[in-house]
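Letter by letter, the chains look like this.
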Amino acid sequence: MRKVIIDCDPGIDDGLALMLALSSPEIEVIGITIVCGNTPVEMGFDNTKKILKFMDRLDIPIYKGATKPLKKPPVHALDIHGADGLGESFLEAVPGYEQKIHAIEFLSKTLKQDPCTVIAIGPMTNLAQLIDQDPSAFDAIDTLVSMGGTYQAHGNCSPVSEYNYWEDPEAAKIVYAHAQKIHMIGLDVTRQIVLTPEMLDTWEKKNKKVTDFIRQITQFYFSFHWHQEHIKGCIINDPLAVAYAIDPTLCSGFEAYTDIETDGITRGESVVDAYDFYHKPANAKILTQVDVARFFTEFESRVINYEKH
């Protein structure tokens, strides 16, 4: 089993990503770090506990990290994820479970002792702070998968920008400038991962309890996507980053030098030098194609068939 740390901001699709990670035998989630993004950190921490409780995995430690972006005030996405960040499901709170160390301290200590994969499915503030405080720990990351950015697909919070990079573009810029290679799971591939009501109806026949839970946290998301983008279903971005970390053959793309714009109307844009204009070494693998059918087959076989320990 490959060891994995998940850096997230739950968030509906973060919740689904955690469910996929915890039901996949190829990886061992050794810790979850929370960053300000879709939700404030305290809400993200509480939502993570709710997901772990449902999955019967409250043994996994959670660490609270950055409470705001590096330079700008936070702009949360509760209009998309609901007032509670989990689709206004208002699940029962899970008491206690406080961790005594900060997410950056956990990342620093853990990565230097046991390099592993980091799956970043929120803004990159925690990772940028890790680079500032302990760059050798960041350099010890075995594989860095980031759900963020977009190459040719349109943005989801501006015409050109994806939310995670738009929320803290300075952090994303720092990480891209420092990293040897980032696997960018951007909107080019995640926009193809659409969960539909028909899928839920099918899954309900196989595992009603898990499907009811998914339905409970995604109905708000379904409504948002219908009113905002006229999609009959909801785009679940973050689970694809987990699926790709487990099986990189699920997506394909190309390597290129990539930088992040930090201001103006293009704030958060991932500038992908696909034609080697700058003649700089590639620092990212930009994923542009995904096997959608295989993703949902894998998601169903793991999450819907999940049996608690």
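Computed from a predicted model, the values in this text were never measured in an experiment.

## Re the packing of helix 10 (residues 197-204) against helix 11 (residues 208-229)
Here is step 1: Contact geometry for helix 10 and helix 11: axes closest at 9 Å, N-to-C directions at 165 degrees. Considered as vectors, helix 10 and helix 11 are oriented roughly antiparallel to each other. Helix 11 is crossed by helix 10, and the crossing has left-handed handedness. Touching Pro197, Leu200, Asp201, Trp203 and Glu204 of helix 10 are Lys208, Thr211, Asp212, Ile214, Arg215, Thr218, Gln219 and Phe222, all from helix 11.
Here is step 2: Residues of the contact of helix 10 with helix 11, tallied by class, amount to five nonpolar, three polar and five charged.

## Focus on the state of the cysteines
Here is step 1: As enumerated under the stated definition, the model contains zero disulfides in all.
Here is step 2: This cysteine, cysteine 157, is not joined by any disulfide, and cysteine 36 carries the nearest cysteine sulfur, 14 Å off.
Here is step 3: Under the relative-accessibility criterion, cysteine 157 is labelled partly exposed at 29%.
Here is step 4: The cysteine cysteine 234 is free of any disulfide, with cysteine 8 supplying the nearest cysteine sulfur at 18 Å.

## Focus on the packing of aromatic side chains
Here is step 1: Within the structure shown, the criterion is met by 10 aromatic pairs.
Here is step 2: Note on tyrosine 151 and phenylalanine 254: the rings are 5.2 Å apart at their centroids and 65 degrees apart in plane angle, and the pair reads as edge-to-face. Taken together, the positions of tyrosine 151 in the loop between strand 5 (143-147) and helix 7 (163-167) and phenylalanine 254 in strand 9 (residues 251-260) put the pair 103 residues apart, joining distant regions of the chain.
Here is step 3: Among the aromatic residues, those joined into a ring-pair cluster are Trp203, Phe295, Phe296 and Phe299.
Here is step 4: The lysine or arginine in question, arginine 267, covers the ring of tryptophan 166, its NZ or CZ lying 4.4 Å from the ring centre.
Here is step 5: Residue placement shows lysine 280 over the ring face of tyrosine 278; its charged tip is 5.9 Å from the ring centre.

## Things to note about the sheet that holds strand 4 (residues 117-120)
Here is step 1: Ordered by their spatial adjacency, nine strands build an open sheet running 3-2-1-4-5-6-11-9-10, and the pairing between neighbours is mixed. Two strands lie at the open edges of the sheet, namely strand 3 (62-64) and strand 10 (270-273), each paired on one side alone. Pairwise comparison of adjacent strand axes, ignoring direction, gives a mean angle of 30 degrees for this sheet.
Here is step 2: Where strand 6 (residues 182-185) meets strand 11 (residues 284-290), three bridges bridge the pair, whose relative direction is parallel. Bridge pairing in strand 11 links isoleucine 182 to alanine 284.
Here is step 3: Contacting strand 1 (2-8) and strand 2 (27-34), helix 1 (residues 12-22) crosses the sheet at an angle of about 155 degrees to strand 2.
Here is step 4: On the sheet, helix 8 (residues 169-178) packs against strand 5, strand 6, strand 9 and strand 11 and is oriented at approximately 110 degrees with respect to strand 9.

## Points about the nonpolar core
Here is step 1: In terms of nonpolar packing, the biggest core is built from 63 residues, with Met19, Ile214 and Phe295 touching the most fellow members.
Here is step 2: The leading source of residues in this core is helix 1, at eight residues.
Here is step 3: If near-sequence neighbours (up to four positions away) are discounted, isoleucine 214 is found in contact with Leu16, Met19, Leu195, Leu200, Phe299, Val303 and Ile304.
Here is step 4: One finds Ile5, Leu111, Ala137 and Ile141 within the second-largest nonpolar core, a separate group that totals 34 residues.

## Topic: the pattern of salt bridges
Here is step 1: Scanning the model with the defined rule gives 18 salt bridges in all.
Here is step 2: Here lysine 72 and glutamate 170 are joined by a salt bridge, their closest N and O atoms 2.5 Å apart. Here the residue lysine 72 occupies a position in the loop between strand 3 and helix 3 (78-81), and glutamate 170 occupies one in helix 8, the gap between them amounting to 98 residues.
Here is step 3: The partner of arginine 191 in a salt bridge is glutamate 229, with the nearest N and O atoms 3.0 Å apart.

The rules we used
Residues numbered from 1 in each chain as written. Predicted model: local features only at pLDDT ≥ 70, side-chain atom pairs only at ≥ 80, totals over all residues. Heavy atoms only, no water. Axes fitted to C-alpha atoms, helices over the stretch in contact; angles between N-to-C directions. Helix = DSSP H or I, 4+ residues; strand = E, 2+ residues; numbered from the N terminus. Parallel < 35°, antiparallel > 145°, perpendicular 65-115°, else oblique. Left-handed = near helix turned anticlockwise from the far one by under 90°. Contact = heavy atoms within 4.5 Å. Nonpolar A, V, L, I, M, F, W, Y, C, P; charged D, E, K, R; others polar. Disulfide = S-S within 2.5 Å. Buried < 20%, exposed > 50% of the residue type's maximum accessible area, 1.4 Å probe, protein only. Phe/Tyr/Trp six-rings, centres within 6.5 Å; stacked < 30°, edge-to-face > 60°. Lys NZ or Arg CZ within 6 Å of the ring centre and 35° of its normal. Pairing = 2+ DSSP bridges. Core = buried A, V, L, I, M, F, W, Y, C linked by side-chain atoms within 4.5 Å. Salt bridge = Lys/Arg side-chain N within 4 Å of Asp/Glu carboxyl O.

No statement about biological role is implied by the geometric values presented.
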